[in-house]
Each structure stands twice: as structure tokens, then as C-alpha cells.
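Listed here are the chains, written in short residue letters.
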Amino acid sequence: MASKEDAQPRRYKALLCERLGDPQEALGRPHSALTLTALPAAPLTHPSGVRIRVAAAALNFADALQLQGRYQEKPKLPFTPGSECSGTVVEVGRDVRTVKVGDKVCAVTQGGAFAEEVLARENAVVKLSPAADLEAAAGLPVAYGTAWLALRERANLRPGQTVLVLGAGGGVGLAAVQLSKATGARVIAVARGASKMEALKEAGADECVDMAHHKPEQLKSLLRHSASQGVDVVFDPVGGQLLMEALKCVRWGAQILVIGFASGQIPKIPANIALVKNLTVHGIYWGSYQQKNPRVFRWSLDEVARLFDSGAIHVNVSHRLSLSQAPEAFSIMMNRQVVGKIVLLPQPRSML
């Protein structure tokens, strides 16, 4: 006969948001959005479900907005945040064919990644090579999937074109730099601070513009030599005044890729400038492709995983912290001290 202990559901550690609040506040404090708790493991019931033992989960700016109730997607409380991770497959549904138990993978999740384990759907789980760096792979799906979709699918970037990447020192910015170079484009990378300049040079940027000591209004003059004929593509995860100034640096027929608004300011793009310069402005919300265009969504994941496994791109991880250090991780990200990605490590490293 099974003991009462045996009948208890298996539990795993996870970050839980029971009320909206400040993700930078210490866990469990009155204004904190997060607590660290043990949750019962849910059964894997979906035939296309995949259970992953999480090696690392990457932070995104959207996670911070969601915990504050400021994101377009508002999950029902309580919820475990986190939308991308890497790890090892420990269980699969009966219809799963592309991965098996023991495979190293990275995945996009509908929340739940800031935990020791997570459930995902097969179409959002990508098999990696056995030699893959799992800590780095956690930061692959969202940033690189977004950048690939924007540059290759939407802007149709071609070899020899010039790409202006704003906010180039962040996760999606560095992804755009690497993917543009992998396509054969010329890259002008804009960021702030010496450490980001160094990382961008290592990522292959042809020109690096440090805005630490310049105002946005000076952007055009800073590019007068490196982009005298204008740029073909603007990749912008920043928004605000910097995008408005970047519009002065484009050539006729340029592609404007609106990725996000890390500055907190949503710019109003003048229609007359779009008309006169024949600009095409693309709004890029990669996550929506999972439902609206799953073929392209999957294509983007497969392509960035292929490039990652081949060594053509790499994910720069500037900070690695435990689940209990999540507030510190959010503080680092929200104060723009990250060069590339920041990841949470739920497991002791001996288990990775």
C-alpha cells in the first residue's frame, strides 16, 4: 500500500506572481510582484506537450511589463512568468515526433519558464545539438526569432544593404547585428557605454556609435561619414526620439522595423516623411505569429537554431543568477546594465 508521502504530488520550485507589482522589489515584500514557492507538477495531458527540465530561462523586457500589468497580454493571477528557456526533455506527449526524452532543447513558453520545469507545445520546442551551451541557448528563441522575422521575412534584407540597429547592446539588438552580418549586410550599431561598444565590435558591427555622450538630435551628424547615402533598414527596439532622428538617416525606399519601446516613449511617425521617402514601416510582434502564421514562426525558430548550432551566431549572456535573485536580475535589466541577455538558473549547475 502506498504511503501518504508517496501519494503527494511531485513539486518543483518556481517564481509566482500573485499580485502585480515591482519585479525589482525583494521576494515576498509588500510591493513585490514575485515570491519563490513550490508548485505541484501538473500532469502532461496534451498529446503534443513536452515537459522540460529547465537549465536556464532568459529575461525579456516584456516580463517586467507583464508583472506590472503594463503588457498587452495579461495572464490571470496567479501565474509563473517567463517566456523562453532551454533545458532537457523529460517527458513527451503521445503525438510528439520532433524531440524525445533526453534531448537538449530551447523553447518558447506561454509563461512558466521561471521555474525548475515547464510544459511547452512541440511546435515551440527546438532540438539543439548535444554539445549546445544551454545557458546561452535560453536567450535564443525570442530575441533571435524576432530579429530574424524582422530582417529576413519582413524587410527582405539583402547582402550589401546597410542596417542601422538602435539599442544594439540589448538582447534583440545584438541578435539583429549578428543576423544582419550573417546575411552579408553592413551594420551600424547604436548603443550606450564602452562595454556595449566592445560587445558590438566582437559581434561584427562595421560601425559602432556610442550615444553615452550625445543627444539623439546628433545622430544624423554622427552618421554623416558612415551612412552618407542613408541606410536601407532601421531596426528599432527603443522608440522615442531616437527613432525620429533615425528617420532623417534613411535613403529612399527604406524599411523601418518597429520592434518595441524600451525608452518608454511611443513615437508618432510622420506620415509625410513616409510618403516623401517611400518608407515601409513594419510593426513586429513575433509572438503573434505562433497563432497567426505558425509556419513562419516555426521557420524562424528552426533557422536561428541552425545558425546557433553551426556557430554562425552566439548569444551573449552577461549575467547569470538564481531564481531567488530574480529581483536583482530585473533591476539589472531595467537599468540597462545588460549586454545581450540575462538568464535565471533554476537548477544547481551539477544537474545541467
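Residues numbered from 1 in each chain as written. Predicted model: local features only at pLDDT ≥ 70, side-chain atom pairs only at ≥ 80, totals over all residues. Heavy atoms only, no water.

1. Focus: helix 5 (residues 171-183)
Taking 1.5 Å as the rise per residue, helix 5 with 13 residues should run 18 Å; its terminal C-alpha atoms sit 18 Å apart, in good agreement. Counting buried positions along helix 5 yields eleven of 13 residues, so the element is predominantly enclosed. Following helix 5 by one or two positions, G184 has its phi on the positive side, about 95°. (Helix = DSSP H or I, 4+ residues; strand = E, 2+ residues; numbered from the N terminus. Expected span 1.5 Å × (residues − 1). Buried < 20%, exposed > 50% of the residue type's maximum accessible area, 1.4 Å probe, protein only.)

2. Observations regarding the sheet that holds strand 10 (residues 207-210)
Strand order in the open sheet formed by six strands is 10-9-8-11-12-13, with parallel pairing between adjacent strands. Looking at which strands have only one partner, the edges of the open sheet turn out to be strand 10 and strand 13 (280-283). On average, each strand axis in the sheet is tilted by 15° relative to the strand beside it, whichever way the strands run. For strand 9 (residues 186-191) and strand 10, the ladder comprises four bridges, and the chain directions are parallel. In the strand pairing of strand 10, I188 is matched with E207. In the packing of helix 6 (residues 194-202) onto the sheet, contacts are made with strand 9 and strand 10, and the angle to strand 10 comes to roughly 170°. (Pairing = 2+ DSSP bridges. Axes fitted to C-alpha atoms, helices over the stretch in contact; angles between N-to-C directions. Contact = heavy atoms within 4.5 Å.)

3. Describing the environment of R53
Counting through the fold element by element, R53 comes out in strand 3 (residues 49-58). In the structure, R53 is positioned 64 residues away from E117 in sequence and 4.5 Å away in space, judged by C-alpha atoms.

4. As for the nonpolar core
Of all hydrophobic cores here, the largest spans 62 residues; its most connected members are Y144, L151, V177, L200, F235, L257 and F308. For L151, the residues in contact, after removing those within four places along its chain, are N156, L157, V163, A176, L179, S180, V233, F235 and L257. In this structure, A57, A107, L321 and I342 belong to the second largest nonpolar core, which totals 33 residues. (Core = buried A, V, L, I, M, F, W, Y, C linked by side-chain atoms within 4.5 Å.)

5. Brief notes about the pairing of strand 11 (residues 231-236)
Of all six residues in strand 11, six are buried; the element is thus mostly enclosed. Sheet topology note: the strand 8 (residues 162-165)/strand 11 ladder contains three bridges and is parallel. Within strand 11, the position partnered with L164 by the bridge is V234. Inspection of the sheet shows strand 11 paired to strand 12 (residues 250-258) by five bridges, in the parallel sense. Across the sheet, D236 pairs through a bridge with V258, a residue of strand 12.

6. Thoughts on the pattern of salt bridges
When the charged atoms of two side chains with opposite charge come close together, those side chains can pair. Counting across every chain of the model gives eleven salt bridges. When the shortest N-O distance is used, the salt bridge between R320 and E135 registers 2.5 Å. Within this pair, whereas R320 is found in strand 14 (residues 317-322), its partner E135 is found in helix 3 (residues 134-137), the two being separated by 185 residues in sequence. Between K181 and D206 there is a salt bridge; the shortest N-O distance is 2.9 Å. One end of the pair, K181, is in helix 5; the other, D206, is in the loop between helix 6 and strand 10, with 25 residues separating them in the sequence. (Salt bridge = Lys/Arg side-chain N within 4 Å of Asp/Glu carboxyl O.)

7. Observations regarding the packing of aromatic side chains
Summed over the entire model, instances satisfying the criterion amount to three aromatic pairs. Between W148 and W299, the aromatic rings sit 4.9 Å apart at their centres with planes inclined by 70°, giving edge-to-face as the arrangement. Of the two residues, W148 is situated in helix 4 (residues 141-154) and W299 in helix 11 (residues 294-310); the sequence distance between them amounts to 151 residues. (Phe/Tyr/Trp six-rings, centres within 6.5 Å; stacked < 30°, edge-to-face > 60°.)

8. A word on the pairing of strand 12
Regular strands have side chains that alternate between both faces of the sheet. With respect to chirality, the unit in which strand 11 leads through helix 8 (residues 240-246) into the neighbouring parallel strand 12 is right-handed. Pairing between strand 12 and strand 13: four bridges, direction parallel. Each residue of the ladder has a partner; that of I256, found in strand 13, is V281. Where the polypeptide runs from strand 12 across helix 9 (residues 271-276) and back to strand 13, its parallel neighbour, the crossover connection is right-handed. (Right-handed = clockwise from strand over helix to strand, strands pointing away.)

9. Some details on helix 12 (residues 326-334)
Of the residues making up helix 12, those classed as buried are A326, P327, A329, F330, I332 and M333. Check the buried side of helix 12 and you find it contacts strand 1 (11-16), helix 2 (61-67), strand 14 and strand 15 (341-345). Phi turns positive, to about 55°, at R336, one or two residues after helix 12.

10. A few points about the packing of helix 4 against helix 5
Contact geometry of helix 4 with helix 5 gives a least axis separation of 8 Å together with a crossing angle of 50°. Between helix 4 and helix 5, the crossing angle belongs to the class labelled oblique. Crossing of helix 4 against helix 5: the hand is right-handed. Listed contacts from helix 5 to A143, Y144, T146, A147, W148, L151 and R152 of helix 4 are G171, V172, A175, A176, Q178, L179, S180 and T183. Split into classes, the residues belonging to the contact of helix 4 with helix 5 amount to nine nonpolar, five polar and one charged. (Parallel < 35°, antiparallel > 145°, perpendicular 65-115°, else oblique. Left-handed = near helix turned anticlockwise from the far one by under 90°. Nonpolar A, V, L, I, M, F, W, Y, C, P; charged D, E, K, R; others polar.)

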